[in-house]
Protein chains: 2
Amino acid sequence: MKPTPKLTIYDVARRAGASPSTVSAALNGTWKARRIRPDTVKRIQAVALELGYSANLQARGLRKARSGLVGMILPAHDNRFFSSLSQAFTAEARARDQIPVIVSTQRDPEQEEDAVRRLVGYAVDAMMFVGTTAPAALSAQCREANVAHVFVDQPSTDAPSVVSDNVGGVRTLASALLERARPGAVTGMVFLGGDSGLYATSQRIKGFREALAAHGHTVDDSQILACGYRRLDARDALAALYQRLGGLPPALLVNSIDCLEGALEFLREIPDEAIAACDLGVWDHDPLGDLWRHPILMVRQRAGALVRQAYAHLDRRESAPSLTLVTPELIVPPLPRRLRRGGR
Amino acid sequence: MKPTPKLTIYDVARRAGASPSTVSAALNGTWKARRIRPDTVKRIQAVALELGYSANLQARGLRKARSGLVGMILPAHDNRFFSSLSQAFTAEARARDQIPVIVSTQRDPEQEEDAVRRLVGYAVDAMMFVGTTAPAALSAQCREANVAHVFVDQPSTDAPSVVSDNVGGVRTLASALLERARPGAVTGMVFLGGDSGLYATSQRIKGFREALAAHGHTVDDSQILACGYRRLDARDALAALYQRLGGLPPALLVNSIDCLEGALEFLREIPDEAIAACDLGVWDHDPLGDLWRHPILMVRQRAGALVRQAYAHLDRRESAPSLTLVTPELIVPPLPRRLRRGGR
DNA sequence: CTGAAAGCGCTAACAA
DNA sequence: TTGTTAGCGCTTTCAG
């Protein structure tokens, strides 16, 4: 095991017959601004390549007081929505030649603050926050260290934020359900799941009300089952509803994939015909949902657009609070051939 | 907007009436080894806290030639298995007080090598590789820079690797399917999906053969439909099989969630009774799969264990090639009440 | 167009 | 038990 002969610009400089500063410039792109002769640059680059030199990024970062790292804090990796944000974030970072550092912190304020402290200690170029529990504190940490930052999927009064249009998304979803023109849908559609104390859920309920209001109906409290986000609670709430109504409602709008899982857990216990009597819609998207034996309308949040908008704020180094809405997209699965009537 | 008065150990030192090196030691934990008086340490820590000092990690990293960063390269974030690895990796890194840097590289060798080059430039403490396309090159890069590294979910001849027990996992799954004792299952079970040229698929086919061999049956080529990993190909392959057999096989073992999606896309077109005539199993797990109207046996790779084993290699700074197998777990969904016969 | 030299903030010998 | 000092490898004035 060789002790690895650490190469520095000095090694390259000696070998290329140039000075360290010239080498530095030739290798990091500033040579144009420094008006270094192109063939000098070429010569140096050739030597660097030959030696297999690559810069020590920590040294560079120390000197420049920035690191080329960009941070993102999110609740969890193993979640479809969050992981699609990670994916989008990675792509954007790559386009800017930055290294994405994505840390999941389990909605734990301490972990969040700790992660930010460390990333700031690394002189990250910017931070993106998703679904954090202590947004104000994080924003303060960043402002203190003068680090650009933005919130995604949650509104903020301290910094720019980019959020899905919950109201509009649910309105669209509910309207699509109504267009199916199932008898009684306007007065009987039910909203299932979520916590009405939270921003997202309350916005979605608002959209739900608006959609029905457009049909002249004022939503009754019994149409809102905000039983929380947990799967089992959703299952039980739906079971109770089924009991009470003696069947499913004509239309059911479920507030999240977790709740959908709960709902499906109940639905697989009841006869096919009973299910066929209900039009189903969900906030959020899961490909397996498309494959259920009955069609499920879904609203997919546009992770790419959310991240792109958020990055745009960072690029402009905006720090004033703002709220940008991104419209989610409605996904209507093809009706299984089995269920199609006629057509060609 | 204040220019942010950058605090250094010198500021703290002056304020605490101590020297920079003492402050450094007091703040980074080496003070015990340096035998600094506890009350000095306390005094310094108090001052640091009061001033809101926090260390410049790039400077520390430059000096120590390590960064406290650990890297992980994986194909994509938006995939259930990979994202559960990310989750596990984050937890392990956190336990070691390291910052996890997880970069997805789309199975693109250039992106992979680029990411490693940059992370090595940052003096990462170690690297973990998942499903990479250019394993040999990555291993070489790390060895060159003397960075500990390990492969997960893919075998390597250059470094330690930790892989799910594909053979055993599929054997277990196939056996569980056979235990259902559906007539003709031994001779009629079909393996669907995957690429027999790849390590994972070939191992799984091996397990499939072993399971049937245990029942005295030698697998026929027509029982292996390695149609690739793409959803649509799986769908079409299953459709063709259905056509050929005039129904589903008595048991079907699907090689991945993507292929399962393809299979379900076909299955939702055919009558319930036809589906009920087939026992279904899949390599990999998806919670929505549990909720399908017919039970689907699943094998879940144990992401936590894979990462833990991999980290163990890093902790021991092993670099010799090795192969560690981790047994995946069989998940048998509860039979829907609807389908249960009697029992209590 | 290129080189010399200072210094980013920290740690670790070495002295005291 | 603590302080002094010399770098880690790079970028960046400032001279030439």
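From a predicted model like this one, the values you see are computed outputs, not experimental measurements. (Residues numbered from 1 in each chain as written. Chains lettered and ligands numbered in written order. Predicted model: local features only at pLDDT ≥ 70, side-chain atom pairs only at ≥ 80, totals over all residues.)

A word on the protein's contact with DNA strand C
Now for step 1: Around DNA strand C, a shell composed of 27 residues is seen, among which A:Ser19, A:Ser21, B:Thr8, B:Ser21 and B:Ser24 lie nearest.
Now for step 2: Those elements that place two or more of their residues in the surface near DNA strand C are helix 2 (20–28) and helix 4 (57–64) of chain A together with helix 2 (20–28) and helix 4 (57–64) of chain B.
Now for step 3: Here the element with the most residues in the surface near DNA strand C is helix 4 of chain B; it accounts for 5 residues.
Now for step 4: Within the surface near DNA strand C, the residues separate by chemical class into 9 nonpolar, 10 polar and 8 charged. (Near = placed C-beta within 6 Å. Helix = DSSP H or I, 4+ residues; strand = E, 2+ residues; numbered from the N terminus. Nonpolar A, V, L, I, M, F, W, Y, C, P; charged D, E, K, R; others polar.)

Topic: the sheet that holds strand 8 (residues 251–254) of chain A
All names here are of chain A.
Now for step 1: Strand order across the open sheet formed by 6 strands is 7-6-8-9-10-12, with mixed pairing between neighbours. Every interior strand has two partners, whereas the edge strands, strand 7 (224–225) and strand 12 (329–331), have only one.
Now for step 2: As paired strands, strand 10 (residues 296–300) and strand 12 are joined by 3 bridges and run antiparallel to one another. Bridge pairing in strand 12 links Val299 to Leu330.
Now for step 3: Against the sheet, helix 8 (residues 166–179) touches strand 8, strand 9 (279–283), strand 10 and strand 12, its axis set at about 170° to strand 9.
Now for step 4: Contacting strand 6 (190–192) and strand 7, helix 11 (residues 231–245) runs over the sheet at an angle of about 155° to strand 6. (Pairing = 2+ DSSP bridges. Contact = placed C-beta atoms within 7 Å. Axes fitted to C-alpha atoms, helices over the stretch in contact; angles between N-to-C directions.)

Quick word on the domain arrangement of chain A
Interface extent is often summarised as the accessible area lost during association of the parts.
Now for step 1: According to the domain assignment, chain A consists of domain 1 (9–59), domain 2 (69–158) and domain 3 (166–302 + 331–339).
Now for step 2: One C-alpha centre belongs to domain 1 of chain A, the other to domain 2 of chain A; they are set 34 Å apart. (Domains from an automatic or database assignment.)

Some details on the sheet that holds strand 2 (residues 99–104) of chain B
All names here are of chain B.
Now for step 1: Within the open sheet, the 6 strands sit side by side as 2-1-3-4-5-11. Their pairing is parallel. For this open sheet the edge positions go to strand 2 and strand 11 (322–326), each flanked by a neighbour on one side alone. Averaged over all pairs of adjacent strands, the angle between their axes in this sheet comes to 20°, without regard to strand direction.
Now for step 2: Along the sheet, helix 5 (residues 80–95) makes contact with strand 1 (69–74), strand 2, strand 3 (126–130) and strand 4 (148–152), crossing strand 2 at roughly 160°.

Side note on the protein's contact with DNA strand D
Now for step 1: As a structural note, the neighbourhood of DNA strand D is formed by 28 residues, with A:Thr8, A:Ser21, A:Ser24, A:Ala59 and B:Ser21 the closest of them.
Now for step 2: For the surface near DNA strand D, the secondary structure elements donating two or more residues are helix 2 and helix 4 of chain A together with helix 2 and helix 4 of chain B.
Now for step 3: For the surface near DNA strand D, the class distribution of residues is 10 nonpolar, 10 polar and 8 charged.

Considering the relation of the copies chain A and chain B
Now for step 1: Here chain A sits on chain B after a turn of 180° about the axis and a move of 0.1 Å along it, with an RMSD of 0.1 Å. Taken together, these values place the two copies in the relation of a two-fold axis.
Now for step 2: Most of the interface of chain A is mirrored in chain B, where 100% of its interface residues are also at the interface. (Least-squares fit on C-alpha atoms with pLDDT ≥ 70 in both.)

Things to note about helix 10 (residues 199–213) of chain B
All names here are of chain B.
Now for step 1: Here helix 10 is 15 residues long and its end C-alpha atoms lie 21 Å apart, about the 21 Å a rise of 1.5 Å per residue gives.
Now for step 2: Listing the buried residues of helix 10 in full gives Ala200, Thr201, Arg204, Ile205, Gly207, Phe208, Arg209, Ala211 and Leu212.
Now for step 3: Its buried side turned inward, helix 10 meets helix 8 (166–179), helix 9 (185–188), strand 6 (190–192), strand 7 (224–225), strand 8 (251–254) and strand 9 (279–283). (Expected span 1.5 Å × (residues − 1). Buried ≥ 20, exposed ≤ 12 C-beta atoms within 10 Å, placed from the backbone.)

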